[in-house]
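Examination of the molecular architecture
The primary structure of each chain is shown beneath.
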Amino acid sequence: MPAFRTVLFDLDGTLVDAFTTIHRAYCHTLPLFGYPAPTAEQVRRAVGGGLENAMGRFVPPELVAAACREHVAFTEKIQLEDPTVYAGSRELVAALHARGVKTAVLTNKIGEHARAVLAHLGLAPHLDLVLGARDCTWRKPAAEFTAEALRRLGADAATACLIGDSPFDLATARNAGLPCYCVTTGTHSADELRAAGAEEVFADLRILGASVFGMQSA
């Protein structure tokens, strides 16, 4: 099995199911700007590349900034009400951390929000870093974003990998020269992820943990 010393995780769709929160925020925001509340599937298909990019799927460019501000303000009020961890998330992160592997979350979610959710769900003690939007100049899939995470961790790209659920994560890994393993708990199907270049695709983190890291599957 690969001797990874650093494992970078995407957040939403990979470790944490926050789609109810995300959907609620869009349903609150879009009608304020004269647009219909989107379906959960419409939101699921829009997210992944950062809030501004996703919001641009629903409103014209001149409204994106204002709509994003409203979305963020509403999210801050409800962000701890609905998120849950996916099966195997807590166990995998804790086991890797206990082995001495450096573990981090690399997300386009606002970093402060990501840290609040991870603390609320009990994952924070097993993570060495959470790097998100507003924490530095870059975002996924920029190579500089991943490089900044590795720099803060004191880690080497040659012994790191990324785990995610979308083509955005695959692009992030590819730009940084990392292998990427994917799960289908988030926004894309196994066929879509394989077509986008995933090393391997798994149904969830329990199966991924057993296959990639030799974890005991409960």
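Our subject in this report is the structure included herewith. Everything quoted here is computed from the prediction, not taken from an experiment. (Residues numbered from 1 in each chain as written. Predicted model: local features only at pLDDT ≥ 70, side-chain atom pairs only at ≥ 80, totals over all residues. Heavy atoms only, no water.)

Within the protein chain one finds ten helices and eight strands. Here the C-alpha atoms of the protein chain give a radius of gyration of 17 Å, agreeing with the 17 Å that 2.2 N^0.38 yields for 218 residues. Projected onto its principal axes, the C-alpha positions of the protein chain cover 50 × 35 × 35 Å. Per-residue burial over the protein chain gives 50% buried out of 218 residues. Sequence separation of 24 or more characterises 66% of the internal contacts of the protein chain that already satisfy a separation of 6 or more. Surface exposure of the protein chain reaches about 9,500 Å², of which carbon and sulfur atoms provide 52%. Looking at charge distribution, the protein chain has the averaged site of its 20 positive side-chain charges lying 3 Å from that of its 24 negative ones. (Helix = DSSP H or I, 4+ residues; strand = E, 2+ residues; numbered from the N terminus. Rg over C-alpha atoms; globule rule 2.2 N^0.38 Å. Buried < 20%, exposed > 50% of the residue type's maximum accessible area, 1.4 Å probe, protein only. Contact = heavy atoms within 4.5 Å. Areas by Shrake-Rupley, 256 points an atom, 1.4 Å probe, with all protein chains shown as cover. Lys, Arg positive; Asp, Glu negative; His and termini not counted. Charge placed at Lys NZ, Arg CZ, Asp CG, Glu CD.)

It is the contact of helix α1 (residues 19-32) with helix α4 (residues 61-78), at a shortest axis distance of 9 Å, that shows an interaxial angle of 135 degrees. On the basis of the axis angle, α1 is oblique to α4. Every pair of crossing elements has a handedness; the one defined by α1 and α4 is right-handed. In contact with Thr21, Ile22, Arg24, Ala25, Tyr26, His28, Thr29 and Leu32 of α1, α4 contributes Ala67, Glu70, His71, Phe74, Thr75 and Ile78. (Axes fitted to C-alpha atoms, helices over the stretch in contact; angles between N-to-C directions. Parallel < 35°, antiparallel > 145°, perpendicular 65-115°, else oblique. Left-handed = near helix turned anticlockwise from the far one by under 90°.)

Now for the environment of Gly209. For Gly209, the position within the fold is in helix α10 (residues 205-213). Separated by 114 residues in the primary sequence, Gly209 and Ala95 have C-alpha atoms spaced 9.5 Å apart. Residue contacts for Gly209: discarding those within four places in its chain leaves Leu92, Gly214 and Met215.

It is worth spelling out the pattern of salt bridges at this point. Summed over the entire model, instances satisfying the criterion amount to 13 salt bridges. Here Arg45 and Glu192 are joined by a salt bridge, their closest N and O atoms 3.2 Å apart. In this pair, Arg45 is assigned in helix α2 (residues 40-46) and Glu192 in helix α9 (residues 190-195), connecting sequence segments 147 residues apart. Exposure remark for Arg45: the relative accessible area of 39% places this residue in the partly exposed category. Take Glu192: its relative accessible area is 30%, and that puts it in the partly exposed class. (Salt bridge = Lys/Arg side-chain N within 4 Å of Asp/Glu carboxyl O.)

What follows concerns the sheet that holds strand β4 (residues 102-110). Taking strand neighbours across the sheet as the criterion, the six strands line up as β5-β4-β1-β6-β7-β8 in an open arrangement whose pairing is parallel. Unpaired on one side and paired on the other, β5 (129-133) and β8 (200-202) mark the two borders of the sheet. On average, each strand axis in the sheet is inclined to that of its neighbour by 20 degrees, with strand direction left out of account. As paired elements, strand β7 (residues 180-183) and β8 share three bridges and run parallel to each other. (Pairing = 2+ DSSP bridges.)

Within the secondary structure, Asn108 is located in strand β4. At 2.9 Å, the side chain of Asn108 forms a polar contact with the backbone nitrogen of Lys140. Non-local contacts of Asn108, meaning those with residues more than four positions away in its chain, are made with Gly48, Gly49, Gly50, Ala133, Arg139, Lys140 and Phe145. (Polar contact = N/O pair within 3.5 Å; in protein donor to acceptor, adjacent residues only side chain to side chain.)

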